[in-house]
Each structure stands twice: as C-alpha cells, then as structure tokens.
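The lines below spell out each chain.
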Amino acid sequence: MLPSLGHVAILIGLAVSLYAAVAFVLGGRGRDAVLLATARQAMYAAFGLAFIACAAMVISLLTHDFSVAYIARNNATTTPPFYSIISLWAALEGSILFWTLLTLGWASLVLYRYRARHTALMPWVGMSLALVAVFLFSVMVWPGNPFSRITPVPLEGSGPNALLQNHPFMGLHPPLLYLGYTGLSVPFAFGIAALLTRRTDEEWLGVVRRWTIIPWIFLSLGIVAGAWWSYEVLGWGGYWAWDPVENAALLPWLTATAFIHSSMVAERRGTLKVWSMALVIATFVLTILGTFLTRSGVVQSVHSFTQSAIGPWFLGAIVLALGGSLALLLWRLPDLGDRGDPPRAVSRESAFLFNNVLFLGVTFVVLFGTLMPLIFQATGGQRISVGTPYYNGLNVPIFGALLFLMGVGPALPWGTASWRTVRERFTLPIVAAAGVLVAAVALGMRQPAPLLTLGLAGFVGTVMGDELLRGARSRARVRGEAPATALWHLATRNRRRYGGYVVHFGVLVMAIAVAISSTMARQTTVTLRPGQSATLAGYTLTHDRLVIEPLAEDARVTETRAEMTFAGPQSGTLATALRDYPNSTAAIATPAVRTALGEDLYVTLLSSDPKTGSVTVRVFVNPMVVWIWIGGAILGLGAAFAIWPDGRRIPAVLPAPEARRAEPAASVPAPVSATMEGS
Amino acid sequence: MTLAPPVVPLPSRGRRWGLIGAVAVVAAVIGYFAFSSIGSALVYYLTPTELHARGAAAYGKPIRLGGLVEAGSVRNDASELTFVLTDETTRITVHSSELPTSSFREGAGAVVEGELRPNGVFEASQVLVKHDENYVAPSGSAVPSHVAPTY
C-alpha cells in the first residue's frame, strides 16, 4: 500500500515538474503572471509529492516492508529504528529520492522568496530548477526506482551496509552534504536565467553570491562531518584519504569557493564576469559528476556500495548540462565584457585573481587524479589507482600559497596599493611569522610542512588581528564607544567583510590542526595479554579483558571487545571493538577515541585470541585533531554571520559601481572607509 | 606626513597581458607538476594471475593485489603475517609486517599493497579488507576498496 503510494507520488511528481518547466517557459515568454503562478505552485506540489514519497519510504523502512527491493537489501527486522530511518540515504535509490526532496525544497524556497522580485529572471530560474526535478524524477521512474518490488517477499532483509549502521554520524554527514550539493543547483539556475535574459549584471551576482554561500556552508560542514565520520568509524587513525568520494565532495566545494571570491571582484570592479559564470556552471556540473563517479560503479571507493544502471543517465545529464550551458555562455560572451580596468599587480583584486587560479589548480589536480583510473581503463583496460603522495605532494604547496593570499588579500586595498601601505600593513605580520617560526624550531619542530603552515598562520593571524584592532580603535575614537562594542558594531555593519574574517580564521585553525595532526601523530601496534600494559607518548594502556558477546541493540551482531584502562594526560577506561555483521565478510572496526583539546588517544582492535584473551591493538596519539572539527564549526558560523540579513537592507539595486570606485580606496585604510560606509 | 611617491600605472593593455602572463605561468607550473608526478603515484591493481603473467617485469613496482585469502594458509603472530592470496587460478604468497586495519579472515576478499620480490613473495606494506557485502574475487572492472594511507 505505502510503497504504491510512494511510487504514484513519484509518477505524479514527474508530470507536475514537467508541467512546471513548460509553464515557466511559456509564462516567461508571454509575461503571463497567472501561468507563472501555476508553475510555481506546480513546483511546491512537486516538493509535497517528493515529501510523500520520502515519508512512504521511511515508514516502510520502519515497518520492514521487504516487498520493496530497496528495503530488503538495506534493512532487517533487527535494525534499530534510528538506522532504519537513515537508511533512506544508505544506498543509491533512496539517496536519489532524498536528493529530489532536498532539491525541490531549495527550489520551492527560492521561488517563494522571490515570487515578486527579480521578475525577469525568475521564470528561467524556475525552468532550470524544474528541469533538474524532471531529471531526478525520471531517474526514479526508470533506472533507479526506489519502490521496485520483489517476489517472493523475503522473510528477512539483509540489513543495512555494516559500515553505515555503526555510527550515529551517518544521520548527520550525508544530509549536510546533500543539502550542499542540491542547493548548488540554485546558483546554476540563476546563472542560466541571467544568460538567457541577458541580465548578467550586478543584480544576479548579488543573489547568486548569497545562494552560493548558503549551500556552501552545508557542503563545508558535510565535508568536515564526513572526515569526522571516517575518523571515528573506519579505524585507521586518519580522516582524509583522497578517496574518490571525498574528492567528489571537495571538487564542487573548490569551485564554489573560487566563485565566492571571484564574484566579489565582479561585483566591485566589473571584471571576471565570464570567469564567475563559468565557475557557477562548473560547480553544478561537478555535483552531478560526483554522483556519477561514486554511484555508477566506474570508480570504486569505500562509499560506492551500490552500482546500478543510472550511470548512463548521469553521464547524459553531465553532457547536457555542460554542453548546453557552455554553448549558452559562448553565445552570450559579448554581454559579459569587462567594464572595469584590469587589476593592478599589487591590489586586492589581483590577490583574488591568484586565489582563483590556485583554487582551480587544486580542482584540476584532484579531478585529474580522480579521473585517471577511468582514463586508464578506457584506453587500455589497465586498472590503477592514484596514491595519496600525488595529491599531497601537489596540493600542500598550493594550499600554502592560498593561506598566504588569505592574509595578503583582505589587507590590500582595491585598486592599487602604494608601497607605503604594503610596508605599513605587512611589517608586523612578517615579524610575527618569523617569531612563530623561531619559536617552533626552538621547541623542536623540524618538518618543513608544519613549519611553513605555522609561519603562514602567524602571518595571516597577525594581519587579521591588526585589521580588527585598527577598525575597532578608529571607530571607538570616532564614536566614543568601548572597544568591544565598537568591534561588534563594526562587524554587524560590515557582515560580509567580518564574516569573511571569521571564515578565514576557521580555515586557519583547520590548517594548523591538519598540518600538526598529519605530521606529528605517533602510533604503535601491540599485542597484550590481560593485565599487560603498553606505553605510547606518555600514555599507559592496560588490557583488562576480552569480551565476545552479541550487541545489545541488535542480537545478530557479534561484538569482540577489548576493555582497557588508560592513564596519562587523560585517564579512564575505554572499549575498542570489532563487530561482525551477518551481511559483511569483514568485521567492522569500532575504534575508541578519547578526545582532548591537545590530542586524541585512538585505539583500534586488530585481532584477538579468545583462548588466551590476548588482543592486538593499534594505538595512535593524534595531536590537535579536535581543532579540525572546531575550525569547521567556526567557518560555518562565520559564513552564516556574513550572509545573515542585517535588517537595514539596502535597496536590492546596489549603488552604482562607478560611485564606489570613486572612493579613494588606495589611501584610506579599508576599515575606516567601511566605517564611513556603514554610518 | 610624507606623501607617497606617485604610482605610475602601466597602460591598461600592458597590465592586462602582464597579469594574464602571470596567471598562465602559475597554471603551467601546476599542470606540469600534476602531469609529471602522477606517473610515479600510480598503483597498478592486479589479480594474482595478472601479476604472475607479468613475470620479472613486476618486481619492485607499486602494485595492489586483490584476491581471496586461501583457507588454511594464514600464519599469524604478533608482528608478522603470511598468507596466500588466490583468484582460484594462481596463488601468490603474501608476507606483511603490517597487520590489517580490520580483522581479515580466511575465505574472504583482501587487497594488499606492496611489491613483488624476486623470491616470488609479495611483500605487502598494507593489508586492506574489502568492505563490501557482495564481494567477489576481482574479475574485471574495478579498482577496489578504501585505501588507508600510512603515516
């Protein structure tokens, strides 16, 4: 009953979104407000239908309706309710259903919010989003039907993939990532609309920037949560392996980040417009490519749990989206001519330009490495994979350069920087960087990568601190406010600028944490009989006993657990286990992670001997890992601060760029000019 | 307060080409290093039969070998592991001083990364277990499994 309802909802959803696409086109061409209103309502209806289908799936999962093939493959009667619910996105067909729901959620939100604004653009935005919905519903009607039935109905399902039911993070990481992925279809839709209507001006840039940053926040948090999941679940002591699916999430993040920066130049200076448009298109295409790579079986990774016939569909969608939008971009190229001057060598816009080149450099490196196995297979049938040394060797220096620009860019004025400004702004930071380096070497650090990172962090941190102090001090003097109040007022009146600083600060925290944790971790592998101890980096780990018993929540799962006591910088007890799931040939690690601000103690069970009770464990002491997650949270908060509506909304039309460009940006320190703008 | 020396801007056109040149140089450097370094980072994925067919040419090359752990072949002590990896045609003895990150067991699929030594033993720096409910001995199309990088 319910599965049939879900299937019917999908069929109607396809029809309704097809109608919406056609009505948006006809209504847009004929300026027919009534037709456009019905198109919008059709999209809301499609959202409702996707919601019904998702609800039907979740309820069927909770009631273990094994007549549905998806549920028989991904659920069992013993699966706990929480993992039954999140099985909605545990495998391919359910993921696409969930994906459709989120895409239509974003689409409805945007169409509702701008129902009376941007009237020239919105029909084409609606058309683009409706076409995305048509594609997703079609996938669910033909190659990836989530409600397809099996007969005879099995009495028991095979249960969710063991890896995916081992940690509550599976309830968090995929939805965040999918919210990011699906939200990025909004800027794409605005890009297409702007190209079609030849309104590629500051109006669309402003809207698109905001609607890129919102999904970007989710994508960023989703990537960080994925790294955290990998760290807590996979048991190898690390968090990033340049696995194809990690790369697939990173690629659109890189191009979206590049766009967020380039759009500021386009908005302020009228240059880099074609470039920005190309980035919006690339970001959207990369989100589809990610799905294609990881879900079609062409590249295997830890996440490619299911393979199906959707590959050709997604490949077709990539070709259509990329070919269509590039053709449109080329056709409209004359409209996108730069109005402004080309940037001068030492200026904020040239820093942005190099930032973009470097972000695209990382994108190229990652894309090239991810596609290499495909290229080899297509040309000679050789099966290869690309090792992490390739990615790290190339990306670490590029990220170092990006970190440097992160300090330089915001401190340089728009237009051109005089030698005096450069000297004033960067003398102290360079001294600070040198100080940090000397201190780090004195403390015994010798590896170049973390030294470089720390030095750069000292530089960037000082630039930002100096910038904040300058701004706060001058406002405090002019307005007679307390310094903290002045800083808060300054920040809330220039949300973009100061939110951006917070994001950069989060990146800085993450960069330091990654550099330290990936080079200064210590590990050992020991075999301990009950009562024996091992030591590592100040910790003493004592093996108390080995327990083998069925898991309390799911009796079909056998847990082999080493119970241990540890003492040192942190102390207490821990249990590290291997879980045997009936549907998995390999046991799933359940590492014990004891987190402190300074370092994590990470213990993973490798093997055990039930006769003697002895266990072999790998022990890691990973410094600073928790700061990666903290840095990610700071980054998300900063971006949310930057786009938070500030109440005293300036009219949708920005002040003419000419007027802005006229300000003597070169000689007035930026925060002061920002204060004047804000007051 | 001293006046900054007047900045003499390059003509717009020259500035444009200068920047395009700088951007092109950065892109070329990244591209050059990407193309030149990827060759040494490629890891070939082979089945035991394919590895055997390569003969002496395979010695010392980074290789990932996938197959089934032959029943009864595992010799394990605290610091060493020896077992036979098979695709049911060819058997290759694998030696490793690294223990697998998750438990691995006889009859299940495993992937080892390392190199073939001239004595015919595959020296593995990593032993990975394939996390897949539908694992079959590798037979055609896929590069397997998750890679856990070594520190």
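Residues numbered from 1 in each chain as written. Chains lettered and ligands numbered in written order. Predicted model: local features only at pLDDT ≥ 70, side-chain atom pairs only at ≥ 80, totals over all residues.

Some thoughts on the overall build of chain A
Along chain A, the regular secondary structure elements total 21 helices and 10 strands. In summary, chain A has a C-alpha radius of gyration of 27 Å against a globular reference of 26 Å for 679 residues, a match within 12%. Judged by the C-alpha coordinates and their principal axes, chain A covers about 80 × 70 × 55 Å. Taken over 679 residues, chain A has a buried fraction of 55%. In chain A, 74% of the contacts between residues at least 6 apart in sequence involve partners at least 24 apart. (Helix = DSSP H or I, 4+ residues; strand = E, 2+ residues; numbered from the N terminus. Rg over C-alpha atoms; globule rule 2.2 N^0.38 Å. Buried ≥ 20, exposed ≤ 12 C-beta atoms within 10 Å, placed from the backbone. Contact = placed C-beta atoms within 7 Å.)

Some thoughts on the overall build of chain B
Looking only at helices and strands, chain B has 2 helices and 7 strands in total. Listing each helix as α and each strand as β along chain B from the N terminus yields α-β-α-β-β-β-β-β-β. Counting over 151 residues, chain B shows a buried share of 34%. Contacts in chain B between residues at least 24 apart in sequence constitute 50% of all its contacts with a sequence separation of at least 6.

Describing the confidence of the model for chain A
Looking at chain A, pLDDT values average 89 and 92% of them are 70 or higher. Low pLDDT, under 50, characterises residues 649-679 of chain A; the stretch is placed with 35 contacts to residues that sit more than four places away or in other chains. (pLDDT = per-residue confidence, 0-100.)

Thoughts on the pairing of strand β9 (residues 599-609) of chain A
Residues and elements named next belong to chain A. For β9, the buried fraction is high: 10 of the 11 residues fall into the buried class. Taken together, the 4 bridges between strand β8 (residues 592-595) and β9 define a ladder with antiparallel strand orientation. Each bridged residue has a counterpart across the sheet, and for Ala 592 the counterpart in β9 is Val 603. Hairpin connection of β8 to β9: 3 residues between the antiparallel strands. As paired elements, β9 and strand β10 (residues 614-623) share 10 bridges and run antiparallel to each other. Residue Tyr 602 lies in a different strand from β10, and its bridge partner there is Phe 620. Between β9 and the antiparallel strand that follows it, β10, lie 4 residues; Gly 613 among them carries a positive phi value of about 75°. (Pairing = 2+ DSSP bridges.)

Focus on the environment of A:Phe51
As for its position among the elements, A:Phe51 is in helix α2 (residues 33-62). With 51 residues separating them in the primary sequence, A:Phe51 and A:Leu102 have C-alpha atoms 9.2 Å apart.

Examining the nonpolar core
Residues and elements named next belong to chain A. One finds Ala 20, Met 43, Ala 46, Ala 130, Ala 133, Phe 190 and Ile 512 to be the most contacted residues of the largest nonpolar core, which totals 250 residues. Top element by residues in this core is helix α9 (residues 202-233). It accounts for 19 residues. Sequence-distant contacts of Ile 512, defined by excluding residues within four places in its chain, comprise Thr 453, Leu 454, Ala 457 and Trp 627. (Core = buried A, V, L, I, M, F, W, Y, C linked by C-beta atoms within 7 Å.)

A word on the packing of helix α18 (residues 495-519) of chain A against helix α19 (residues 626-643) of chain A
In contact at an axis separation of 7 Å, α18(A) and α19(A) are set at 170° when each is read in the N-to-C sense. Here α19(A) runs roughly antiparallel to α18(A), going by the angle between their axes. (Axes fitted to C-alpha atoms, helices over the stretch in contact; angles between N-to-C directions. Parallel < 35°, antiparallel > 145°, perpendicular 65-115°, else oblique.)

A short note on the sheet that holds strand β5 (residues 558-567) of chain A
Residues and elements named next belong to chain A. Read from one edge to the other, the open sheet built from 5 strands follows the order β3-β4-β5-β6-β7, with strand pairing classed as antiparallel. Edge positions in the sheet fall to β3 (533-536) and β7 (588-590), since each has one partner strand and no second. Mean inter-strand twist for the sheet, computed between neighbouring axes without regard to direction, equals 25°.

Remarks on the sheet that holds β10(A)
In a beta sheet, neighbouring strands pair by backbone hydrogen bonds and run either parallel or antiparallel. Residue and element names in this part refer to chain A. Within the open sheet, the 4 strands sit side by side as β2-β10-β9-β8. Their pairing is antiparallel. Two strands lie at the open edges of the sheet, namely β2 (522-528) and β8, each paired on one side alone. The mean inter-strand angle of the sheet, taken between neighbouring strand axes irrespective of direction, is 15°. The pairing of β2 with β10 spans 7 bridges and is antiparallel.

Focus: the pairing of strand β6 (residues 572-580) of chain A
Residue and element names in this part refer to chain A. Bridging between β5 and β6 involves 9 bridges; their strand directions are antiparallel. Opposite Thr 565, over in β6, you have Thr 573 as the bridge partner. The loop that links β5 with its antiparallel partner β6 comprises 4 residues; one of these, Gly 568, has a positive phi angle of about 150°.

Concerning the packing of helix α1 (residues 2-30) of chain A against helix α6 (residues 122-141) of chain A
Residues and elements named next belong to chain A. At a minimum axis distance of 8 Å, the contact between α1 and α6 shows a crossing angle of 155°. In terms of orientation, α1 and α6 fall into the roughly antiparallel class. Between α1 and α6 the crossing geometry is left-handed. For the pair formed by α1 and α6, the contact residues are Ile 10, Leu 11, Gly 13, Leu 14, Ser 17, Leu 18, Ala 20, Ala 21, Phe 24, Val 25, Gly 27 and Gly 28 on the first element and Pro 123, Trp 124, Gly 126, Met 127, Ala 130, Leu 131, Ala 133, Val 134, Phe 137, Ser 138, Met 140 and Val 141 on the second. For the contact of α1 with α6, the per-class residue count stands at 18 nonpolar, 6 polar and no charged. (Left-handed = near helix turned anticlockwise from the far one by under 90°. Nonpolar A, V, L, I, M, F, W, Y, C, P; charged D, E, K, R; others polar.)

Remarks on the environment of A:Pro81
All names here are of chain A. Mapping Pro 81 onto the fold places it in helix α4 (residues 81-86). Since 9 C-beta atoms lie within 10 Å of it, Pro 81 is described here as exposed. Counting along the chain gives 20 residues from Pro 81 to Leu 61, while the straight-line C-alpha distance between them is 8.6 Å.

Describing the confidence of the model for chain B
Residue and element names in this part refer to chain B. Chain-level statistics for chain B give a pLDDT mean of 74 and a share of 73% at 70 or above. The secondary-structure element of chain B with the lowest mean pLDDT is strand β3 (residues 75-76), recorded at 80, while strand β5 (residues 91-96) shows the highest, at 91. This complex was scored by the predictor with a pTM of 0.89 and an ipTM of 0.79.

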